[in-house]
Amino acid sequence: MARISPCLWYDGTAEEAATFYASTFPDSSVDAIRRAPGDFPDGRQGDVLTVEFTVLGMPFLGLNGGPKFKFDEAVSFQVHTDSQEETDRYWNAIVGNGGEESMCGWCKDKWGLSWQITPRALTNAMSNPDKAASKRAFEAMMTMRKIDIATIEAALTAKSVA
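Heads up: these notes are all about the structure in this document. (Residues numbered from 1 in each chain as written. Predicted model: local features only at pLDDT ≥ 70, side-chain atom pairs only at ≥ 80, totals over all residues. Heavy atoms only, no water.)

1. Looking at the sheet that holds strand β3 (residues 48–55)
Right, so step 1: The strand order across the open sheet built from 4 strands is β1-β4-β3-β2, with neighbouring strands paired in mixed fashion. In this open sheet, the two strands that pair with only one neighbour each are β1 (7–10) and β2 (29–35). Within this sheet the neighbouring strands show an average axis-to-axis angle of 20°, counted without direction.
Right, so step 2: With 6 bridges connecting them, β3 and strand β4 (residues 58–64) associate as antiparallel partners. Of the residues in β4, the one forming a bridge with Thr50 is Leu63. (Pairing = 2+ DSSP bridges. Helix = DSSP H or I, 4+ residues; strand = E, 2+ residues; numbered from the N terminus. Axes fitted to C-alpha atoms, helices over the stretch in contact; angles between N-to-C directions.)

2. So, the pairing of strand β5 (residues 76–81)
Where a strand is regular, its side chains alternate between the two sheet faces.
Right, so step 1: In β5, alternate side chains face the same way, and those of Phe77, Val79 and Thr81 are buried while those of Ser76, Gln78 and His80 on the opposite face are not.
Right, so step 2: Note: β5 against strand β8 (residues 114–119), 6 bridges, orientation parallel. Opposite Ser76, over in β8, you have Ser114 as the bridge partner. (Buried < 20%, exposed > 50% of the residue type's maximum accessible area, 1.4 Å probe, protein only.)

In structure tokens:
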């Protein structure tokens, strides 16, 4: 067992979320479903109380805590991708399953959890030692929702207009 794992608060949908994540990302699984041994403020004895799951090798606990707390953009999960195909697959899975697009590679899943689908090509472009090239890649990213690797790479190699 990991020494630390994020606990994510759901409104009765922890098992559904864990199942979605396990079917979307590699090295992911639903590991255990724990039912409430008694009634609790937002559920009854026998309801799913917690779900232990793994996403991309990282352990999580989903808690069916009720409607009191919601996710917001202050916490997000950044997924590093190696290709446009992988970027598209994760983005489309999250957005296409009731989620919503945002800017610069950010999106939310249907439960309100924020994700950053970030190609390594973007990360590399942002740390390019050529500051002008890095700035062009940054400016290109700022116009995007889902990151387009070809556009980032084109921005890196574009000639500056003087």
